[in-house]
Protein chains: 2
Amino acid sequence: MKLLHEKIRRDGVVKPGNILKVDSFLNHQLDVMFLDKMSEEFYRRFKDENITKILTIEASGIAIASLTGLHFQVPVVFAKKSKSINLDGDMYVTKVESFTHKNVNNVIVAKKFLNARDRVLILDDFLATGNALIGLISLVEGAGAAVAGIGIAIEKGFQDGGKRIREAGYRLESLAIIDSMNGETGEITFR
Amino acid sequence: MKLLHEKIRRDGVVKPGNILKVDSFLNHQLDVMFLDKMSEEFYRRFKDENITKILTIEASGIAIASLTGLHFQVPVVFAKKSKSINLDGDMYVTKVESFTHKNVNNVIVAKKFLNARDRVLILDDFLATGNALIGLISLVEGAGAAVAGIGIAIEKGFQDGGKRIREAGYRLESLAIIDSMNGETGEITFR
């Protein structure tokens, strides 16, 4: 998505260690007018998939999932991260290791919000190792529901998450795929 | 907001200990079509306040803040909760005690996203003791910005947060104020 490439070049900050900071529009401050354009693009790409529900993970996926939910006119569910599991009602649970935070979280969704008739669009802001996404896929499939598509705002194409998930046969669409970043010059190469 | 009263009566679940579960539409599954109606109502109430930015707190405030941001056409910032402070750039920090989770979090906003010219609309899904809200107010005022208004989806009117904040002179508007709940019959009385 050309608009997103331009936005990342203009507002993103590349830091050493292959870190891309997009906190001015995507995951701390939210440029909701721009996020809504990205949501429209997700709608355009997945509108023929008979999506019944959108699933994301707290916290920074919630904004784009909510805006996209409005385009699809379907409910959004956000999976919660929890150190401990509070078994208040039945939960689907999976464990996700965070590369950024170097910890392991339980990721949970109440069973009543995913069912076997659902065709789920999974959305998230970033894809790198794919651990969070694989966790979300396992929650959906644990419910007997179908992963009808996966939409990502920014994929770090030099990490292997995207490759693993595409090779497993999922329809994964990233609005921007970064092939390389230069922490010294700030240069970004998109696929 | 009559529609919200009806929604809470229909989809909310009252549990012993003055707990109201609205996770089917507000804070786990998100009924984004309904949340957008609530966002329109926030816009109607605060549209003459020259709002330049919306501030909320992760995670469950993000959906309604994002949808409301679209109506106002202003950026949204969500404050982050953190056990430890990662001093990556300058942050405004405040401490917030959680009544629900019985713990204390640092609540942080990057300084670059709040400035002295901002007129901030603070939004959140719930108001009970007011601790989170008082934290957000202190972040805004710490930046020299103005709290132009405070919008809450559901206020527990039998706890003292709303009273404290109104008495301090803030314009606080809650779309639903619950005066009492009966954990045995499920009955809810709105103000």
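The structure under discussion appears in the preceding block.
So, here's what we can say about the structure. (Residues numbered from 1 in each chain as written. Chains lettered and ligands numbered in written order. Predicted model: local features only at pLDDT ≥ 70, side-chain atom pairs only at ≥ 80, totals over all residues. Heavy atoms only, no water.)

The subject of this paragraph is helix α4 (residues 131-142) of chain A. All names here are of chain A. Relative to the 16 Å expected for 12 residues at 1.5 Å per residue, α4 spans 16 Å between its end C-alpha atoms, a close match to the ideal helical length. Restricting attention to buried positions, one finds in α4 the residues L133, G135, L136, I137, L139 and V140. Taken from the residues just after α4, G144 is the one with a positive phi, measuring 75°. (Helix = DSSP H or I, 4+ residues; strand = E, 2+ residues; numbered from the N terminus. Expected span 1.5 Å × (residues − 1). Buried < 20%, exposed > 50% of the residue type's maximum accessible area, 1.4 Å probe, protein only.)

A separate point is the relation of the copies chain B and chain A. Between chain B and chain A, which share one sequence, the superposing operator has a rotation angle of 180° and an axial displacement of 0.0 Å; the RMSD is 0.0 Å. Between the two chains, the operation in question is that of a two-fold axis. A share of 100% of the interface residues of chain B reappears at the interface of chain A, consistent with the copies meeting face to face through the same patch. (Least-squares fit on C-alpha atoms with pLDDT ≥ 70 in both. Contact = heavy atoms within 4.5 Å.)

Attention now moves to the interface of chain B and chain A. Chain B puts 34 residues into the contact, and the matching count from chain A is 34 residues. Both faces considered, chain B and chain A share a buried interface measuring about 2,800 Å² in area, 64% of it formed by carbon and sulfur atoms. When the buried area of chain B at its contact with chain A is split by residue, H28(B), Q29(B) and F113(B) rank highest and sum to 23% of it. Linking chain B to chain A there are two salt bridges. For D23(B), the salt bridge goes to K112(A), with nearest N and O atoms at 3.5 Å. Run the count over chain B and chain A and you get 10 residue pairs in polar contact (both at pLDDT 80 or more). Considered class by class, the residues forming the side of chain B that touches chain A number 17 nonpolar, eight polar and nine charged. Pairing of strand β3 (residues 29-30) of chain A with strand β5 (residues 76-82) of chain B, which is carried by two bridges, proceeds in the antiparallel orientation. When the sheet's bridge partners are listed, Q29(A) is paired in β5(B) with V77(B). (Buried area = accessible area lost by both parts, 1.4 Å probe. Salt bridge = Lys/Arg side-chain N within 4 Å of Asp/Glu carboxyl O. Polar contact = N/O pair within 3.5 Å; in protein donor to acceptor, adjacent residues only side chain to side chain. Nonpolar A, V, L, I, M, F, W, Y, C, P; charged D, E, K, R; others polar. Pairing = 2+ DSSP bridges.)

The next subject is the pattern of salt bridges. Applying the stated rule across the entire model yields 32 salt bridges over all chains. A salt bridge links E49(B) to R119(B); the nearest nitrogen and oxygen atoms lie 3.3 Å apart. Placement of E49(B) in the loop between α2 (32-46) and β4 (53-57) and of R119(B) in strand β8 (residues 119-127) is noted, with a sequence separation of 70 residues between them. One continuous salt-bridge network, built from bridges that share partners, spans E41(A), R44(A), R45(A), E49(A), R119(A), R171(A) and E173(A).

This part covers the packing of helix α3 (residues 62-72) of chain A against α2(B). Across the interface, α3(A) lies against α2(B) with an axial gap of 9 Å and an inter-helix angle of 105°. By the angle class used here, α3(A) and α2(B) are roughly perpendicular. In contact with S66(A), G69(A) and L70(A) of α3(A), α2(B) contributes V32(B), M33(B) and D36(B). When grouped by side-chain class, the residues that make up the contact of α3(A) with α2(B) number three nonpolar, two polar and one charged. (Axes fitted to C-alpha atoms, helices over the stretch in contact; angles between N-to-C directions. Parallel < 35°, antiparallel > 145°, perpendicular 65-115°, else oblique.)

Tracing the sequence through the fold places N27(A) in the loop between β2 (19-21) and β3. By relative accessible area, N27(A) is classed as buried at 16%. Excluding residues that lie within four positions of it along the chain, N27(A) makes contacts with V22(A), S60(A), D125(A), F126(A), F78(B) and K80(B).

Our focus in this paragraph is the pairing of strand β5 (residues 76-82) of chain A. Residue and element names in this part refer to chain A. Across the seven residues that make up β5, a large majority, five, are buried. The pairing of strand β4 (residues 53-57) with β5 spans four bridges and is parallel. Paired with I57 across the strands is A79, a residue of β5. Regarding topology, α3 serves as the crossover connection from β4 to the parallel β5, and that connection is right-handed. (Right-handed = clockwise from strand over helix to strand, strands pointing away.)

Before going further, it helps to examine the nonpolar core. Most often, soluble globular proteins have nonpolar side chains that are buried together. Formed by 77 residues in total, the largest nonpolar core has its most connected members in L4(A), M38(A), L4(B) and M38(B). For this core, the element with the highest residue contribution is α3(A), accounting for seven residues. Filtering out sequence-adjacent residues up to four positions away, L4(A) remains in contact with F25(A), F34(A), M38(A), A153(A), I154(A), L175(A) and A176(A). (Core = buried A, V, L, I, M, F, W, Y, C linked by side-chain atoms within 4.5 Å.)

The next subject is helix α1 (residues 2-11) of chain B. Residues and elements named next belong to chain B. Every buried residue of α1 is listed here: L4, H5, K7 and I8. Angular distribution of buried residues about the axis of α1 spans 165°; they occupy a single face of the element. Seen from the buried face of α1, the exposed residues on the opposite side, beyond 90 degrees, are K2, R9 and R10. Summarising the contacts, the buried residues of α1 are in contact with β2 (19-21), α2, β9 (146-156), β10 (172-181) and β11 (188-190). (Arc of directions from axis to C-beta.)

A word on the packing of aromatic side chains. All names here are of chain B. Throughout the structure, instances matching the rule amount to four aromatic pairs over all chains. With centroids separated by 6.0 Å and ring planes inclined at 85°, the aromatic side chains of F25 and F34 adopt a geometry described as edge-to-face. Note on accessibility: F25 and F34 belong to one class, buried. A ring pair is formed by Y43 and F72, whose centres lie 4.9 Å apart and whose planes are at 75°; its orientation type is edge-to-face. Within this pair, whereas Y43 is found in helix α2, its partner F72 is found in helix α3 (residues 62-72), the two being separated by 29 residues in sequence. A relative accessible area of 32% means that Y43 is categorised as partly exposed. Looking at F72, the relative accessible area reads 12%, which means it is buried. Directly above the ring of F34 sits K7, whose terminal nitrogen or CZ lies 5.0 Å from the centroid. (Phe/Tyr/Trp six-rings, centres within 6.5 Å; stacked < 30°, edge-to-face > 60°. Lys NZ or Arg CZ within 6 Å of the ring centre and 35° of its normal.)

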